[in-house]
Amino acid sequence: TLSDLLNPLEAALYRVGDCDARSLVLGLLLKKFGIESLLLTSEIAKHAIIAVDIPGDGLNYKYNGKEYLEIELTKKTLIGEIDESISNPDIWTPVEMGYTNGF
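For clarity, every value in this text was computed on a predicted model and none was experimentally measured.

Draft legend 1. Geometry of helix H2 (residues 19–32). Here H2 spans 20 Å end to end across 14 residues, near enough to the 20 Å set by a 1.5 Å rise per residue. Inspection of H2 places Cys 19, Asp 20, Ala 21, Ser 23, Leu 24, Val 25, Gly 27 and Leu 30 among the buried residues, and these make up the whole buried set. Within two residues after H2, Gly 34 carries a phi angle of roughly 80°, on the positive side.

Spelled out as structure tokens, the structure:
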């Protein structure tokens, strides 16, 4: 199966994209401003969310001794509000958000 992942630049410019594209766009923007985040993907849930190293109430994902606040970008919810059906941390695979401009 081919990936349906959109280029993050296209997703941002045209305000389109599903869970993985939106999460990548936000993660890259946060990284640019020095805010650490994780892309969380789940083969079980067939979904992706972003988890951000910021304080706040809500569901947190624990990774490398830190707690990242989870953010759902495909529904109108508050930061830290994740549907109970996907709230189990064991279904998620963390991907550290980083990029390089070639230098």
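Read on, since the account is not over.
Draft legend 2. Structural context of the nonpolar core. The biggest cluster of nonpolar side chains holds eleven residues, and these are Leu 38, Leu 40, Ile 49, Ala 51, Tyr 61, Tyr 63, Tyr 68, Ile 82, Ile 86, Ile 91 and Trp 92. Those elements that place two or more of their residues in this core are strand E1 (37–42), strand E2 (47–52) and strand E3 (60–63). Counting nine residues, the second largest nonpolar core, distinct from the first, contains Leu 24, Ala 48, Ile 50 and Met 97.

Cut-offs applied
Residues numbered from 1 in each chain as written. Predicted model: local features only at pLDDT ≥ 70, side-chain atom pairs only at ≥ 80, totals over all residues. Heavy atoms only, no water. Helix = DSSP H or I, 4+ residues; strand = E, 2+ residues; numbered from the N terminus. Expected span 1.5 Å × (residues − 1). Buried < 20%, exposed > 50% of the residue type's maximum accessible area, 1.4 Å probe, protein only. Core = buried A, V, L, I, M, F, W, Y, C linked by side-chain atoms within 4.5 Å.

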